[in-house]
Amino acid sequence: MQIMNGENMRTTLDIDRNLLERAKTALGASTYTEAIERSLSRAVEQAEVDALLNSLRGEDLVWSLDDLRAWRQVSHGDAP
Amino acid sequence: MATLLDTSALIVLLRRRPPRGTEGVAAAAEDRIRAGRALLASVTVAELLVGARDEEAESRVSALLEKLPVVAFDRDLATLAGRMGRDARRAGRVLPLPDLAIAATAVWIGVPLLTADSDFAAGSVLGAQAQPTDAWHGFELDPGSAVG
C-alpha cells in the first residue's frame, strides 16, 4: 500500500539489510530514508549523464580546436 | 580527485572523431564526467556555446553542461587571473584571457586541468617553476592532457 503525503511517499520495500547498512555508512546518512534518497539521487544523476554522453552526435559544434585557439587569440597580440 | 575540463577537452569529446592525438583527451574527459569528477570554469560555458551549430545543438550541449558543476569567475578569481597573466608576461609569454581565467580557476580550487590546447604547455612550465608564493604555484595538467 502507498500513502502519499505531499511530495513524499510511504511504502514497503524488500531490501537487502546488509546492502542498506553499507549504503548508510558509505554515504554518511543518518537514517535509512536518507541513505535510500541519496542512493536514488546519485543513480538518477549518473543515468542522466550517461544518457547525455551516449546521445552525443558529434555535430553539435561548428568549430574545431584550431577555431577555439584562433578565437582565444583574437584579442591577444605580441607581449608588450 | 576532481579535474577541471578545459573547453578544448569538451570540444574533442563532442566531436564524432577527435583530431589525431587528442583521442586520449576525449576519453579522459568522458571518464571524468561519468565518474562525477569533472568541473568547469564559467568561461568554458560561454566558449562552448559560441561554437554551437544551432539552437538545437545548443540545447543538447547545455543539457550536458547543466550536469557539471561550474566555478564562478568572481573578484578573487579575476585577481588571481590578472596576477598569473602578469607573471606570464614577465616570463615572456602572453596567454589569452580565457586561458588565464581557466588556469586561475584550476589553481583556485586546487585541481589539475584536462586540456587539448597546446597554449597550456606554457602554463605547465610556469606552474612547475613557480615558488609557493607565486600565482602559478599549484598549476598542473591532468595526465590525460595533450599539449605537445
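In every chain, residue numbers begin from 1 and rise along the written sequence. As a convention, the first chain written is A and the first ligand written is 1, with the rest following in written order. Where totals are concerned, whole chains, interfaces and linings use all residues; where local detail is concerned, this predicted model gives features only for residues with pLDDT of at least 70, and gives and counts side-chain atom pairs only at 80 or more.

1. Structural notes on the confidence of the model for chain A
Inference 1: Confidence scores here are pLDDT values: one per residue, from the predictor, ranging 0 to 100. Looking at chain A as a whole, the pLDDT averages 84, with 85% of positions reaching at least 70.
Inference 2: Runs of E in the DSSP output that reach at least two residues are strands. Runs of H or I that reach at least four are helices, and both are numbered from the N terminus. Mean pLDDT across the secondary structure elements of chain A bottoms out at strand β1 (residues 3-5) of chain A, with 66, and peaks at helix α1 (residues 17-26) of chain A, with 95.

2. Some details on the environment of Val62 of chain A
Inference 1: Here Val62 of chain A shows up in the loop between α2 (32-54) and α3 (65-73).
Inference 2: Two residues form a contact once the distance between their C-beta atoms, set from the backbone, is within 7 Å. Once you skip the residues sitting within four places of it in the chain, Val62 of chain A turns out to touch Gly51 and Arg53 of chain B.

3. Quick word on the sheet that holds strand β4 (residues 113-114) of chain B
All names here are of chain B.
Inference 1: Pairing in this open sheet of four strands is parallel, and the strands run β3-β2-β1-β4 from one edge to the other. Only two strands of the sheet have a single neighbouring strand rather than two, namely β3 (70-71) and β4.
Inference 2: When DSSP finds two or more bridges between two strands, those strands count as paired. As paired elements, strand β1 (residues 3-5) and strand β2 (residues 38-41) share two bridges and run parallel to each other. What sits directly across from Thr3, in β2, is Ala38.
Inference 3: Note on geometry: axes are C-alpha line fits, over the in-contact stretch for helices, and angles between N-to-C directions span 0 to 180 degrees. Across the sheet, helix α3 (residues 42-50) is in contact with β1, β2 and β3; its angle to β2 comes to roughly 80°.

4. Here's the deal with the interface of chain B and chain A
Inference 1: Facing 30 residues of chain B, the contacting portion of chain A comprises 21 residues.
Inference 2: Every element with two or more residues in the side of chain B that touches chain A is listed here: α1 (7-14), α2 (23-34), α4 (55-65) and α6 (97-109) of chain B.
Inference 3: Under the scheme applied, nonpolar residues are Ala, Val, Leu, Ile, Met, Phe, Trp, Tyr, Cys and Pro; charged residues are Asp, Glu, Lys and Arg; polar residues are all the others, including Gly. Of the residues belonging to the side of chain B that touches chain A, the class tally is 14 nonpolar, four polar and twelve charged.

5. Regarding the confidence of the model for chain B
Inference 1: Overall, the predicted model of chain B reaches an average pLDDT of 94, with 100% of residues at or above 70.
Inference 2: Per the prediction output, this complex has pTM 0.85; the corresponding ipTM is 0.80.

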